[in-house]
Every structure is written in structure tokens, then in C-alpha cells.
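Each chain is listed here by its residues.
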Amino acid sequence: MSTALWIILVLVALILGLVGGFFMARKYMEKYLKDNPPINKDQLRAMMLQMGQKPSTKKLNQMMNSMKAHAK
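Residues numbered from 1 in each chain as written. Predicted model: local features only at pLDDT ≥ 70, side-chain atom pairs only at ≥ 80, totals over all residues. Heavy atoms only, no water.

### Structural notes on the pattern of salt bridges
Per the counting criterion, the structure on display carries three salt bridges. Residues E30 and R26 are paired through a salt bridge, measuring 3.5 Å at the closest nitrogen-oxygen approach. Of this pair, E30 and R26 are both found in helix α1 (residues 2–35), four residues apart, which corresponds to roughly one turn of the helix. We classify E30 as partly exposed; its relative accessible area is 48%. R26 sits in the partly exposed class, given a relative accessible area of 44%. D35 is the partner of K31 in a salt bridge, and the nearest nitrogen-oxygen pair spans 3.0 Å. With K31 and D35 both in helix α1, this residue pair falls four residues apart, about one helical turn. Given the relative accessible area of 53%, K31 is considered exposed. Relative accessible area serves as the criterion here: at 44%, D35 is assigned to the partly exposed category. (Salt bridge = Lys/Arg side-chain N within 4 Å of Asp/Glu carboxyl O. Helix = DSSP H or I, 4+ residues; strand = E, 2+ residues; numbered from the N terminus. Buried < 20%, exposed > 50% of the residue type's maximum accessible area, 1.4 Å probe, protein only.)

### Observations regarding a nonpolar patch on the surface
A surface patch of nonpolar side chains, amounting to about 630 Å² of accessible area, comprises W6, I7, V10, L11, L14 and L18. Along the chain, L14 falls in helix α1. Overall, the relative accessible area of 49% leaves L14 in the partly exposed class. (Patch = residues over 30% accessible without salt bridge, like charges linked within 9 Å, V, L, I, M, F, W, Y side chains within 5 Å. Areas by Shrake-Rupley, 256 points an atom, 1.4 Å probe, with all protein chains shown as cover.)

And the structure:
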């Protein structure tokens, strides 16, 4: 009986650890994305203006597409 109890306790601890880890990782990622949002077109336009470039819509779309492709 002690072996069966031991196996059950190990399985329960494993399941609790997986569920707890999932929710902690989810909360961490939500906080990270809130603190560091992904870049958008307005931020990209502002960066290009700071670098002395005149951003056109075509150039912004090209840069956004290249950043999305690079992120994959």
C-alpha cells in the first residue's frame, strides 16, 4: 500500500507543479508584454524621424514585414 500511495503523491505533485508553472509563466509573460510592448508603426516612424529619415508608408510596411519575418 505504501508504494501505491507514493506513486499517487508523486503524480499529484507533478500535476500541481505543471499547473502552477503554467500559470506563473503566463502571468510573467503578461507582465513582460505590458512593460515591453511589441513595436508598432508609430514607434518605428518616430525612430526613423530621429535618425533623420523621412518615413514613407511603403518603407514602414517593408520594415514591419522584415521585423515580423525576423521574429519567426
